[in-house]
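# A closer look at the structure
These are the residues of each chain, in order.
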Amino acid sequence: MKNEILIVHNLKKYFRTSQGIVKAVDGINFSIEEGETFGLIGESGSGKSTVAYTVVGMYKPTSGEILYRDKENISINSFKRPQRLKKDIQIVFQDPGTSLNPSRTIEQILKLPLKINNIGRNYEERHNKIIELLEKVQLPLDYLYKYPTMLGGGEKQIVNIARALAANPSFVLLDEPTSALDVSIQAKIINMLMKFQKELNLSYLFITHDLSLMRNVASRIAIMYLGKICEIASTTTFFKESLHPYTQMLLSSIFVITSEEEKLKPTQIISTGEIPSPVNIPPGCSFCSRCPKKMEICGIKDPEMLEIERGHVVRCHLYSK
Amino acid sequence: MKNNNINFEKISSQRNRLGRYWYKYSRNPLSILGVITIFIITFMAVSAYYLSPYPESAGNYINFTEASQPPSFVHFCGTDVFGRDIFSRILFGLRLSLLMAIVVLSLSVPVGVFAGLVAGYFRGKWISLLIMRIVDIFIAVPTLLMALVVCSILTPDVFNAMMAVSIAWWAWYARIVYGVVSSVRGEFYIQAAEVSGASTGHILFKEILPNCLSSIFTKMSLDVGSVILIGSSLSFVGLGAQPPTPDLGTMVADGAKLLPNQWWIAIFPACAIVIIVLGFNLMGDGIRDMLGSEEA
Amino acid sequence: MNNPLIEIKDLHVYFRVFGGTLKVLNGVDLIVYPGERIGIVGEMGCGKTTTMKSIMRILPSPPAIIHKGEILFKGKDILKMKTTEIQEIRKKSISMIFEDPTAALNPVFTIGTQIKDVIRFSKQFNEKKNKKTLNANAIQVLREVSLPDPDRVLQNYPVQLSGGMRQRVCIAMALVSTNNMIIADEPGTSLDVTIKDQIFRLLKELVVKRSTAIILVSQALGEVKGMTDRVYIMYAGSMVETSDTNDLFSKPLHLYTKGLLAATPRLTGGGIGEGIEGSIPDYLNSPIGCRFYPRCKYSKPLCKKEKPPFFKVSKGHSVACFLFKDKVMKGDVNEK
């Protein structure tokens with residue numbers, strides 16, 4: 001049995017705002033095995049980015065536990081974590097434009113993780129390591145002294161990835177790494193990420209809203225809506241035998257380009273309604289305002305997560321018996 | 001070899017960056033005028049000793065035969081009541097004004113920037129509140145008033161005048177930097193540095209500070225004019241440079257009593273003040289346009 | 001066939017910046033017939049938004065220069081029209097929906113104010129313009145885009161609406177008086193998947209109902225598939241392929257098109273194809289000849305010297321590539 005690198009148990013993160021309490025993440029459970037790519041899908045307000053930020057330590061969880069490598073409780077802010085944990089868990093942010101400091105050169109940006117983690121004993125060694133990194137991500141060497149504003153979006157994101165990998169991590173959170181990029185650059189970056197995963201035995205938590213992309217990237221997928229997980233399944237099960245109505249609504253909304261793909265889309269559920277504001281979530285199931293299969297109990301009681309078969313859990317009253 | 005090529009890239013990329021800055025700066029002809037004015041003034045101030053036709057006029061010099069001469073080819077700006085050549089005194093006065101600007105900004109800017117960085121980064125914590133309340137107090141008192149008060153407590157001389165203005169000035173930089181830091185604080189690249197484990201010092205000085213530099217430099221260049229004016233105002237009321245040290249403000253004060261008959265004694269130093277302040281303001285506007293649009 | 005509504009002929013648009021001139025558009029050709037639904041697919045930086053803004057004449061003119069070319073609207077060149085004529089076109093004939101609905105709506109005015117302004121200037125509804133009729137017209141317009149509770153929406157500020165609702169408002173404003181054509185510049189980019197689906201279906205329904213032509217600009221091939229009759233693929237400042245939508249997906253010809261299709265992730269799985277090697281050319285030092293040349297596996301020396309014109313390979317399907325110079329070699333060229 002493979003090791004589990006990350007176990008999240010009943011994680012909650014609430015924010016206090018002027019309009020009330022926002023339950024960004026409201027009790028989620030999942031685990032990631034070493035070396036796998038675990039996908040997290042959701043639209044805006046689902047809380048998927050909040051999950052990533054909490055795991056990496058930008059936020060402290062309101063309650064719940066995050067266990068790293070089965071022993072360490074890392075449900076604390078990154079300032080309190082030991083350096084080796086910060087080195088081991090890295091994050092690539094969504095917007096390449098704002099994740100690189102515009103006043104620093106690429107060389108300075110890549111040097112920082114090396115310096116913090118004492119990789120390379122002197123300037124020479126670190127410089128060589130940076131050159132090695134650039135070659136690995138196939139960026140030309142003269143980019144060393146450029147500023148991020150001189151790079152295209154795809155190249156900036158490649159620098160972000162290089163920065164994440166510079167510290168030799170084990171676990172990388174990828175928060176919509178290619179959402180802001182063209183399709184052809186996305187292909188290049190995704191293939192690069194997959195290659196690195198194999199070479200360096202990395203584990204990924206891959207977040208995106210693009211289902212077609214997720215199909216080709218993740219081995220297991222969790223779908224989130226308004227702070228809760230609706231369904232977790234292996235990729236093949238997710239796309240062939242999804243159970244939750246929201247999953248099916250999402251699948252039926254995507255744009256595809258071939259007729260084989262059209263056949264895979266569930267046609268019975270058409271997307272309706274708006275995503276409600278996460279501030280005042282009504283009682284019962286958070287999806288019931290838009291759910292075409294809603295029953296009376298859905299407006300009263302929030303369903304529990306049920307295991308339908310091994311590895312496939314779903315949170316819906318339709319399957320409650 | 002690889003390394004040689006990379007060093008070449010480093011230099012050419014920096015040159016490229018400077019080139020782009022100059023392009024943006026030179027879009028406005030007035031900014032060019034500002035830079036030229038500043039060059040000329042600085043040159044004149046630095047080589048005051050060599051340029052001035054009567055360098056002794058800057059010191060204790062009395063020559064009543066030459067006193068109160070109107071402008072002529074012999075004395076470009078005329079002479080004052082003691083017979084001292086006003087043009088020479090203006091050149092030395094420029095020196096003093098520029099020196100005052102340099103000293104005041106060298107003292108107040110680092111203190112203000114540091115305070116602003118700390119207050120902005122630790123926003124919400126007690127240290128930030130404390131700093132910003134102190135800043136508020138210093139800003140609430142008008143600069144000239146504060147300088148007057150400090151100067152009149154201590155012995156009036158140039159050095160104390162500079163100290164007084166510095167004390168009044170740092171708070172503005174703290175406030176500007178606080179604003180920039182507060183907005184930059186939430187950017188992803190700062191979060192990335194934090195979760196990687198960068199030290200607070202690194203984040204403040206290497207990540208955040210470079211992003212504040214454009215605001216700081218813009219304000220500094222616009223401030224030179226203001227500092228010179230305040231310095232001149234202090235001298236005007238007798239609290240800055242003491243006679244016989246030539247100072248533009250003092251010269252205007254002395255000459256003001258003699259208007260309109262010996263008009264040249266007050267007008268030429270006053271024009272000098274106007275030109276310096278105007279020059280720095282034009283340059284400051286140009287810097288603001290150049291750095292402000294540095295988005296791409 | 002009837003006369004084209006919009007015809008762009010050999011449009012060249014340059015931008016003057018530090019370091020030289022960005023020759024962004026170097027010969028765009030485009031035809032839209034009345035009532036047609038056209039898609040333009042291209043990646044970031046290819047010039048699609050610049051082209052659309054040229055049609056609407058909203059390019060910022062000091063950096064942008066129209067070097068050459070014509071944009072004919074019903075036979076008259078838009079680029080040579082006076083401001084008053086352009087304003088008439090913008091009021092009555094063509095309107096544009098932008099990528100980011102938040103940026104397209106003024107945050108300090110209510111939705112009601114903004115829609116009523118559009119209605120008032122459009123002179124579409126011919127009744128007297130007093131408060132009551134304006135209000136009724138505004139509500140009618142909002143109902144058409146399926147906005148729930150239009151009364152409340154009129155009182156709201158843009159910040160109080162969700163992204164999808166804002167885009168619906170923008171569509172409503174665009175449709176108030178437009179008779180001839182809508183330009184939709186990546187309308188779904190800032191929206192969630194399920195909301196994007198709703199917006200696209202709404203847009204399709206509305207343009208079909210009113211027989212308005214639409215140019216749908218997008219980065220993703222999937223978005224244009226269900227929405228359009230004809231597609232243009234744009235690369236680095238000019239069109240490289242155009243065909244009926246179904247033909248493009250079943251028989252792509254240009255190597256760039258094929259590369260895009262291969263790189264698009266499929267729901268059926270199987271990994272993602274390789275991206276296209278290389279990157280878009282530097283517009284400051286743009287090469288003469290085919291701009292795809294550096295990235296093309298099958299390039300010939302001719303490609304470097306001359307920009308390929310459109311070669312008609314089959315009915316409705318043209319491609320700008322010298323590989324298809326002899327019409328006879330219709331399908332076999334790709335295999336080498």
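Residues numbered from 1 in each chain as written. Chains lettered and ligands numbered in written order. Predicted model: local features only at pLDDT ≥ 70, side-chain atom pairs only at ≥ 80, totals over all residues.

### Comments concerning the overall build of chain B
Across its full length, chain B holds eleven helices and zero strands. Listing every helix and strand of chain B by position from the N terminus yields α-α-α-α-α-α-α-α-α-α-α. In chain B, which comprises 296 residues, the share counted as buried stands at 40%. Expressed as a percentage of contacts within chain B between residues at least 6 apart in sequence, the contacts between residues at least 24 apart total 70%. (Helix = DSSP H or I, 4+ residues; strand = E, 2+ residues; numbered from the N terminus. Buried ≥ 20, exposed ≤ 12 C-beta atoms within 10 Å, placed from the backbone. Contact = placed C-beta atoms within 7 Å.)

### Some thoughts on the overall build of chain A
Counting its secondary structure elements, chain A contains ten helices and twelve strands. Over its C-alpha trace chain A gives a radius of gyration of 21 Å, about what one expects of a compact globule, namely 20 Å for 321 residues. The dimensions of chain A, computed from C-alpha atoms along their principal axes, are 70 × 45 × 45 Å. Counting only residues that meet the buried cut, chain A has 50% of its 321 residues in that class. (Rg over C-alpha atoms; globule rule 2.2 N^0.38 Å.)

### Describing the sheet that holds strand E10 (residues 228–234) of chain A
All names here are of chain A. Strand order in the open sheet formed by eight strands is E6-E7-E8-E3-E9-E10-E12-E11, with mixed pairing between adjacent strands. Two strands close off the open sheet at either side, each with one partner strand: strand E6 (89–92) and strand E11 (306–309). Shown here is a sheet whose adjacent strand axes are inclined to one another by a mean of 20 degrees, direction ignored. (Pairing = 2+ DSSP bridges. Axes fitted to C-alpha atoms, helices over the stretch in contact; angles between N-to-C directions.)

### Comments concerning the confidence of the model for chain B
Residue and element names in this part refer to chain B. The predicted model of chain B averages 84 in pLDDT, with 95% of residues at 70 or higher. The secondary-structure element of chain B with the lowest mean pLDDT is helix H1 (residues 2–25), recorded at 68, while helix H5 (residues 126–140) shows the highest, at 92. Reported confidence for the predicted complex is 0.84 by ipTM and 0.84 by pTM. (pLDDT = per-residue confidence, 0-100.)

### Regarding helix H9 (residues 245–253) of chain A
Given 3.6 residues to a turn, an α-helix orients residues that are three or four positions apart in the same direction. With eight of nine residues buried, H9(A) is to be regarded as a mostly interior element. Taken as a whole, H9(A) has its buried residues at A:Pro245, A:Tyr246, A:Thr247, A:Gln248, A:Met249, A:Leu250, A:Leu251 and A:Ser253. Its buried side turned inward, H9(A) meets helix H7 (211–215), strand E9 (220–225) and E10 of chain A together with helix H8 (193–210) of chain C.

### Thoughts on unusual backbone geometry
Residues and elements named next belong to chain B. A cis amide bond, omega -10 degrees, links Leu259 with the succeeding residue Pro260. In this structure, Pro260 sits in the loop between helix H10 (248–256) and helix H11 (264–292). Residue Ser68 is not a glycine yet carries a positive backbone phi of 55 degrees. Secondary-structure assignment places Ser68 in the loop between helix H3 (48–51) and helix H4 (86–121). The class for Ser68 is partly exposed, based on 16 C-beta atoms found within 10 Å.

### Considering the sheet that holds strand E2 (residues 20–33) of chain A
Residue and element names in this part refer to chain A. The strand order across the open sheet formed by four strands is E2-E1-E4-E5, and the pairing between neighbours is antiparallel. Each edge of the sheet is formed by a strand with only one pairing partner; in this case those strands are E2 and strand E5 (72–73). Judged from the five bridges that link them, strand E1 (residues 4–17) and strand E4 (residues 63–68) form a sheet pairing that is antiparallel. The residue of E4 that forms the bridge with His9 is Glu65.

### Observations concerning the interface of chain A and chain C
Bring the parts together and some accessible area is lost; that lost area is often taken as the interface size. Chain A puts 32 residues into the contact, and the matching count from chain C is 33 residues. Elements with a minimum of two residues in the side of chain A that touches chain C: helix H6 (183–200), H7, H9 and helix H10 (259–264) of chain A.

### Quick word on the interface of chain A and chain B
The partner chain B presents 20 residues to the 24 residues of chain A that form the contact. Listed by contribution, the elements that provide at least two residues to the side of chain A that touches chain B are helix H2 (83–88) and helix H3 (106–116) of chain A. Considering every element that reaches the side of chain A that touches chain B, the biggest residue donor is H3(A), with three residues.

### Comments concerning the confidence of the model for chain A
Taken over all residues, the pLDDT of chain A has a mean of 88, while the share at 70 or more is 99%. E5(A) is the least confidently modelled element of chain A, averaging 74 in pLDDT, while strand E7 (residues 171–175) of chain A averages 95, the highest of any element.

### Quick look at the nonpolar core
Grouped together as the largest cluster of nonpolar side chains are 265 residues, with contacts concentrated most on A:Leu205, B:Val165, B:Ala174, C:Ala172, C:Met181 and C:Ile215. It is H4(B) that provides the largest number of residues to this core, a total of 18 residues. If near-sequence neighbours (up to four positions away) are discounted, A:Leu205 is found in contact with A:Ile32, A:Phe38, A:Leu40, A:Ala52, A:Leu173 and A:Leu174. (Core = buried A, V, L, I, M, F, W, Y, C linked by C-beta atoms within 7 Å.)

### Section: the packing of helix H7 (residues 163–175) of chain C against H8(C)
Residue and element names in this part refer to chain C. Running from amino to carboxyl end, H7 crosses H8 at an angle of 15 degrees, the nearest separation of the two axes being 10 Å. Classified by the angle between their axes, H7 and H8 sit roughly parallel to one another. In terms of crossing hand, the pair formed by H7 and H8 is right-handed. Taken together, the residues of H8 that come into contact with H7 (itself represented by Gly163, Gly164, Gln167, Ile171 and Leu175) are Ile195, Gln198, Ile199, Leu202, Leu203 and Leu206. Broken down by class, the residue content of the contact of H7 with H8 amounts to seven nonpolar, four polar and no charged. (Parallel < 35°, antiparallel > 145°, perpendicular 65-115°, else oblique. Left-handed = near helix turned anticlockwise from the far one by under 90°. Nonpolar A, V, L, I, M, F, W, Y, C, P; charged D, E, K, R; others polar.)

### As for the packing of helix H2 (residues 29–46) of chain B against H4(B)
For any two helices packed against each other, the geometry is given by the interaxial angle and the distance between the axes. All names here are of chain B. Contact pair H2 / H4: the axes reach a minimum separation of 8 Å and the direction vectors enclose 110 degrees. Viewed along their axes, H2 and H4 adopt a mutual orientation that is roughly perpendicular. Note on element contacts: H4 touches H2 through Leu91, Leu94, Arg95 and Leu98, opposite Ile41, Thr42, Met44 and Ala45.

### Side note on the pairing of E6(A)
Residue and element names in this part refer to chain A. Side-chain alternation along E6 places Ile89 and Ile91 on one buried face and Gln90 and Val92 on a second face that is also buried. Across four bridges, E6 lies against E7 in parallel orientation. Across the sheet, residue Gln90 finds its bridge partner in E7, namely Val172.

### Describing helix H4 (residues 111–122) of chain C
Residue and element names in this part refer to chain C. Helix length check: H4, at twelve residues, gives a terminal C-alpha distance of 17 Å against a target of 16 Å (1.5 Å per residue), a fit within 8%. Of all the positions in H4, only Ile111, Gly112, Gln114, Ile115, Lys116, Val118 and Ile119 are classed as buried. For H4, the elements touching its buried residues are helix H5 (131–144), helix H6 (150–155) and H7. (Expected span 1.5 Å × (residues − 1).)

### Things to note about the environment of C:Ser286
All names here are of chain C. With respect to the helices and strands, Ser286 occurs in the loop between helix H11 (255–263) and helix H12 (301–305). Linking Ser286 and Leu22, residues 264 residues apart in sequence, is a C-alpha distance of 8.1 Å. Leaving out residues up to four positions away in the same chain, Ser286 has contacts with Lys23, Asn26, Pro281 and Arg291.

### Details of the environment of A:Ile116
Relative to the helices and strands, A:Ile116 resides in helix H3. Along the backbone, A:Ile116 and A:His9 are 107 residues apart, and their C-alpha atoms lie at a distance of 30 Å. Contact partners of A:Ile116, with chain neighbours within four places excluded, come to B:Ser196, B:Gly197 and B:Ala198.

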